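Tertiary structure, described
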Amino acid sequence: KVINLPTQTTTVFKNYYAPDNADVRIQRVGSLADTIKLTEMPKIRTQAVHFGPLTPEDIEPEVMARCFPTGTTIALDAQGLTREIVDGEVMAKESVNYGDYLRSVDILKLDRQELLIFSGSPSISEGVERVLAEGVHDLIVTDGSLGSIVHGDGDSFFIDAVPPRRVVDATGCGDTYLAAYMTKRMTSENLEKCGEFAAAAASLNMENFGPFKGSGKDVAEKQQAMEGENPSDARA
């Protein structure tokens, strides 16, 4: 079900990737939609929610904190909160009032640079500590083709990136990662397995244009294919 809120214009991002490295991206913004406000949101009952604001003005923090009943799993991809738009160009913010956003967030995803900005920390380790101290249960820190790390349950798990068969479109791979992680997390307490499932889903997404169109079975088959190519790793 799509709930379409009124706005004067829509948000338009244009992404430009380096031809030889999908980790390198330049973004331009043509227009920004009106802020989604708590007063506009209907009452929604669901098991889990994935927030993916593109800019700090996309969604009022109160929507995350007050729009859903106790017990709902709240996941946030905070990439957009670390940005500011200056004359159509995407710039890194100097600081973020991260406590305003983390009051009810259970699962948080950021890349390494975004974590430093979001937490206002000089190092990744300190950033991880600050975010987890706010009550976040699962913290996912991604690093493009170098993999990701899932922090939670007092431990950290390195997740290898899954090489795609071909790189077609890297846009939305972070969203796919978090959505797949949440899907697996609803039925599993094993954070490492959730991260591996998410990495495989993101790899599949990179092989095609547009949003992820596969299924859980497709992701599982991708994982099995990788284990077949690396039998020693699979046995270990």
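One can find the structure itself at the top, above this paragraph.
Residues numbered from 1 in each chain as written. Predicted model: local features only at pLDDT ≥ 70, side-chain atom pairs only at ≥ 80, totals over all residues. Heavy atoms only, no water.

Here we look at the overall build of the chain
- When helices and strands are counted, the chain shows 8 helices and 10 strands.
- Relative to its length of 236 residues, the chain is compact, with a C-alpha radius of gyration of 18 Å against a globular reference of 18 Å.
- Dimensions along the principal axes, computed over C-alpha positions, put the chain at roughly 55 × 40 × 40 Å.
- A buried classification covers 38% of the 236 residues belonging to the chain.
- The long-range fraction of contacts in the chain, counting pairs at least 24 apart against all pairs at least 6 apart in sequence, stands at 59%.
- Surface summary for the chain: the accessible area is close to 13300 Å², and the carbon and sulfur share equals 49%. (Helix = DSSP H or I, 4+ residues; strand = E, 2+ residues; numbered from the N terminus. Rg over C-alpha atoms; globule rule 2.2 N^0.38 Å. Buried < 20%, exposed > 50% of the residue type's maximum accessible area, 1.4 Å probe, protein only. Contact = heavy atoms within 4.5 Å. Areas by Shrake-Rupley, 256 points an atom, 1.4 Å probe, with all protein chains shown as cover.)

Some points on the pattern of salt bridges
- Overall, the coordinates contain 8 salt bridges when judged by the stated rule.
- As a salt-bridge pair, glutamate 207 and lysine 222 come within 2.6 Å of each other at their nearest N and O atoms. In this pair, glutamate 207 sits in the loop between helix H6 (191–206) and helix H7 (216–229) while lysine 222 sits in helix H7, placing the two residues 15 residues apart along the sequence. Each of the two residues, glutamate 207 as well as lysine 222, counts as buried.
- In the salt-bridge network here, residues are joined through shared partners; they are Asp138, Arg185 and Glu189. (Salt bridge = Lys/Arg side-chain N within 4 Å of Asp/Glu carboxyl O.)

Topic: unusual backbone geometry
- A positive phi angle is found at aspartate 87, which is not glycine, with a value near 50°.
- Among the structural elements, aspartate 87 can be located in the loop between strand E5 (83–86) and strand E6 (89–92).
- Take aspartate 87: its relative accessible area is 74%, and that puts it in the exposed class.
- A positive phi angle, close to 55°, is found at aspartate 153, a residue other than glycine.

Topic: the packing of aromatic side chains
- According to the stated counting rule, one finds 2 aromatic pairs in the structure shown.
- Both rings, one in phenylalanine 51 and one in phenylalanine 68, keep their centres 6.0 Å apart while their planes meet at 70°; by these two values the pair is edge-to-face. You can see phenylalanine 51 sitting in strand E3 (residues 48–51) and its partner phenylalanine 68 sitting in the loop between helix H1 (61–66) and strand E4 (73–77), a full 17 residues away along the chain.
- Residue class for phenylalanine 68 comes out buried when judged on its relative accessible area of 13%. (Phe/Tyr/Trp six-rings, centres within 6.5 Å; stacked < 30°, edge-to-face > 60°.)

Side note on the sheet that holds strand E9 (residues 148–152)
- Reading across from one edge, E3-E4-E7-E8-E9-E10 is the order of the 6 strands in this open sheet, with mixed pairing throughout. Sheet topology places E3 and strand E10 (155–159) at the edges, where each strand pairs with a single neighbour. Sheet twist, expressed as the average angle between the axes of neighbouring strands with direction ignored, equals 15°.
- By the bridge criterion, 5 bridges tie E9 to E10 in an arrangement that is antiparallel. Across the sheet, serine 148 pairs through a bridge with isoleucine 159, a residue of E10.
- On top of the sheet, helix H5 (residues 173–185) reaches E3, E4, strand E7 (107–111), strand E8 (138–142), E9 and E10; it is set at about 150° to E7, its chief contact. (Pairing = 2+ DSSP bridges. Axes fitted to C-alpha atoms, helices over the stretch in contact; angles between N-to-C directions.)

Considerations on the pairing of strand E2 (residues 21–31)
- Here strand E1 (residues 12–18) pairs with E2 via 7 bridges, running antiparallel. From the neighbouring strand, phenylalanine 13 faces E2, where its bridge partner is valine 29.
- Here E1 hands over to E2 after 2 residues, the two strands then running antiparallel side by side.

Observations regarding the side chain of aspartate 169
- Here aspartate 169 is to be found in the loop between E10 and H5.
- We note that aspartate 169 is buried and unpaired, the nearest opposite charge coming from lysine 213 at a distance of 7.8 Å.
- Among the polar contacts made by the side chain of aspartate 169, one reaches the main-chain amide nitrogen of threonine 171 at a distance of 3.1 Å.
- For aspartate 169, the side chain forms a polar contact with the main-chain nitrogen of glycine 210, separated by 3.4 Å.
- Aside from chain neighbours lying at most four places away, what touches aspartate 169 is Asn205, Met206, Asn208, Phe209 and Gly210. (Lys, Arg positive; Asp, Glu negative; His and termini not counted. Polar contact = N/O pair within 3.5 Å; in protein donor to acceptor, adjacent residues only side chain to side chain.)

Remarks on the layout of surface pockets
- Of the volumes computed, that of the largest pocket is approximately 1400 Å³.
- Lining the largest pocket we find 47 residues, and of these Arg25, Gln79, Asp111, Thr142 and Gly174 sit closest to its centre.
- Residue assignment for the lining of the largest pocket shows that the elements contributing at least two residues are E1, E2, E6, E7, helix H3 (112–119), H5 and H6.
- Residues that form the lining of the largest pocket fall into these classes: 20 nonpolar, 17 polar and 10 charged.
- Ranked by the residues each element gives to the lining of the second largest pocket, the list is headed by E3, at 3 residues. (1 Å grid on protein atoms, 1.4 Å probe; cavity = no way out; pocket = protein on both sides within 12 Å on 5 of 7 lines; lining within 4 Å. Points joined across faces, edges and corners; volume = space filled by probe spheres on them. Nonpolar A, V, L, I, M, F, W, Y, C, P; charged D, E, K, R; others polar.)

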